[in-house]
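# Commentary on secondary and tertiary structure
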Amino acid sequence: MSVETPARPARPPRNLPLRRLLPMVVKAPLEGLTDVARAARGEIVRLDVGPFRPYLLSHPDHLQHALRADWTSYLRKGMFWKPVERLLGDSVIGDGPGWAASRKVLQPLFTARYVASLTDDMAATIDRGLDELTPDVPIDAMEEMNRIVTRAVVSVFFGDRISPREAEVLGAAYTTANTALPFRIALPFVPDRVPLPGDRRFMEARQTIDDVIYPLIRQARKERSDGPDIISALVRARDDEGRELTELNLRDDLASIYGAATETAAVALTWLWPILHDHPDVAARLYAEIDEVTGDGPVGADTLPRLRYLDTVLRETMRLYPAGWAMPRMVTRTHEIGGVTLKAGSQVLISPYITHRLDEFWPDPLTFDPTRFEGDREKRHRYSYLPFGAGPHLCLGQHLFFIEAPLLIAGLLKRFRPELVTEAPFPVQPAGTLRSRKKIEMILRRVTT
Ligand code: HEM
């Protein structure tokens, strides 16, 4: 027998007034928002900031609704996405028909199988990058992770079409574009015509990216190679009507996936070093596993699946420090969720960083514990862990990441033991990705056998 329950009227959401929000935004925005969501126990909170007053969604049920069940009502449009559109155009990082067409073309290039076929090449490139690390002097972890990840990604994307010099220029331009954005991200309601700090650096970086990418596209179109690199594959791709992609499509897609593939992975890997320093037990178990699995041989396609503990360490690192910390959306249809009415045109903020720290879904959430990822994953709410997003916009690069990241970490730890130079704490800097506010410096000591 079912009992009819009267519909509950939608109630106003919890409100976080500007006087409480502002000091927090200035001091430690993401940590502050996390405290707010934890106190609200996953209820929807309205953030009283600027004219658009976004809603903060953190409960996994609400995320499931917005990212999967009703995802067409939550588009990647609106103020939060403006800076991204300025850099990347109408691409796979956007939404609507442009996104759908790009996703269709790109998806086959990032399947687990296709990416696995690139493992040996990636391993060789990463090895060369690791050989260039200098032991016994302080190094900037983010810079080095970025350098090695960029090399790996550059070879997957561009084959040998790009010179080391061009790759360096491209990498530096992305770093500039990413770090020039904090004001545009914090003040998304300010129109483009009103200049903000960082704008000029951003525009120059965009021009540099174009100056490198367009000639590569033109060269690839001339050559029409059947090589496995992404640029050749994109030149061969056809849309639904059998047409080639335009030069602009190619530029926007390449610029998007290149940016998505380098900065996020480098940031994710950089967080590992302070964590290992703080957890010598985890570090010791990791070193032992790498020794046991790889012995005197190299790290490669056959050893990766056996580095199980490393896999759990990576997943737990991305729980506490998800490089893609923000998934903003714009609501396109007025509807109710979690007892709150969201009006069409409202802005919504979803953050894996916040959801990954809710006590209801993660016992002792602030403790680093890789064993959470041993075996019983399905017991967890599916939308309580989403470092790569979820639903139709799920990250295309996660298979690539789970090859390049263990290759890099295991390769590095076979050669060196890291010693952290910078002292904790490491506050986060939520910009395009989740960087550390402080430079993370470490010294690598060569492993002696
Ligand atoms: C640790 C590394 C990475 C992290 C944490 C990460 C995170 C994410 C997240 C959270 C999203 C969802 C964005 C949203 O829903 O609004 C996303 C989408 C995406 N990622 Fe990644 N990503 C990583 C690596 C990569 C790599 C290596 C690639 C290279 C191909 C890549 C390509 C993309 C693309 C193309 C999308 C957009 C997919 C779509 O909307 O259809 N990502 N990523």
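In what follows, the structure referred to is the one given above.
Here goes a summary of the coordinates provided. (Residues numbered from 1 in each chain as written. Predicted model: local features only at pLDDT ≥ 70, side-chain atom pairs only at ≥ 80, totals over all residues. Heavy atoms only, no water.)

## Let's talk about the overall build of the protein
On a plain count of helices and strands, the protein comes out with 18 helices and 13 strands. A compact globule built from 449 residues should have a C-alpha radius of gyration of about 22 Å, and the protein, at 22 Å, falls within 12% of that. With the principal axes as the frame, the protein shows a C-alpha extent of 70 × 55 × 55 Å. The proportion of buried residues among the 449 residues of the protein is 53%. Within the protein, residue pairs in contact and separated by at least 24 positions form 72% of the contacts whose partners lie at least 6 positions apart. As presented, the protein carries roughly 20,600 Å² of accessible surface, and 54% of it is formed by carbon and sulfur atoms. When the 59 positive and 59 negative side-chain charges of the protein are each reduced to one mean point, those points stand 5 Å apart. (Helix = DSSP H or I, 4+ residues; strand = E, 2+ residues; numbered from the N terminus. Rg over C-alpha atoms; globule rule 2.2 N^0.38 Å. Buried < 20%, exposed > 50% of the residue type's maximum accessible area, 1.4 Å probe, protein only. Contact = heavy atoms within 4.5 Å. Areas by Shrake-Rupley, 256 points an atom, 1.4 Å probe, with all protein chains shown as cover. Lys, Arg positive; Asp, Glu negative; His and termini not counted. Charge placed at Lys NZ, Arg CZ, Asp CG, Glu CD.)

## Let's talk about the packing of aromatic side chains
Overall, the coordinates contain 13 aromatic pairs when judged by the stated rule. Joined through ring pairs, the aromatic side chains of Phe-110, Phe-157, Phe-158, Tyr-174 and Tyr-258 make up one cluster. (Phe/Tyr/Trp six-rings, centres within 6.5 Å; stacked < 30°, edge-to-face > 60°.)

## Points about the coordination of the iron atom of the ligand
The protein gives the iron atom of the ligand a lone donor atom, Cys-395 (SG), placed 2.3 Å from the metal. Relative to the helices and strands, Cys-395 resides in the loop between helix H17 (352-355) and helix H18 (398-415). (Donors = N, O, S within 2.8 Å, 3.2 Å for Na, K, Ca; no water.)

## Some points on the environment of Thr-270
With respect to the helices and strands, Thr-270 occurs in helix H13 (residues 247-270). Thr-270 gets classed as buried once you look at its relative accessible area, which sits at 5%. Excluding residues that lie within four positions of it along the chain, Thr-270 makes contacts with Ala-141, Met-142, Met-145 and Ile-440. A polar contact of 2.7 Å, which involves the side chain of Thr-270, links it to the backbone oxygen of Ala-266. (Polar contact = N/O pair within 3.5 Å; in protein donor to acceptor, adjacent residues only side chain to side chain.)

## Considering the environment of Glu-423
Of note, Glu-423 is situated in the loop between strand E10 (416-420) and strand E11 (428-430). By relative accessible area, Glu-423 is classed as exposed at 62%. Between the C-alpha atoms of Glu-423 and Pro-322, which are 101 residues apart in sequence, the distance is 21 Å.

## Quick look at the pairing of E10
Burial along E10 is one-sided: the face carrying Phe-416, Pro-418 and Leu-420 is buried and the face carrying Arg-417 and Glu-419 is not. Across five bridges, the pairing between E10 and strand E13 (residues 441-446) is antiparallel. The residue of E13 that forms the bridge with Phe-416 is Arg-446. (Pairing = 2+ DSSP bridges.)

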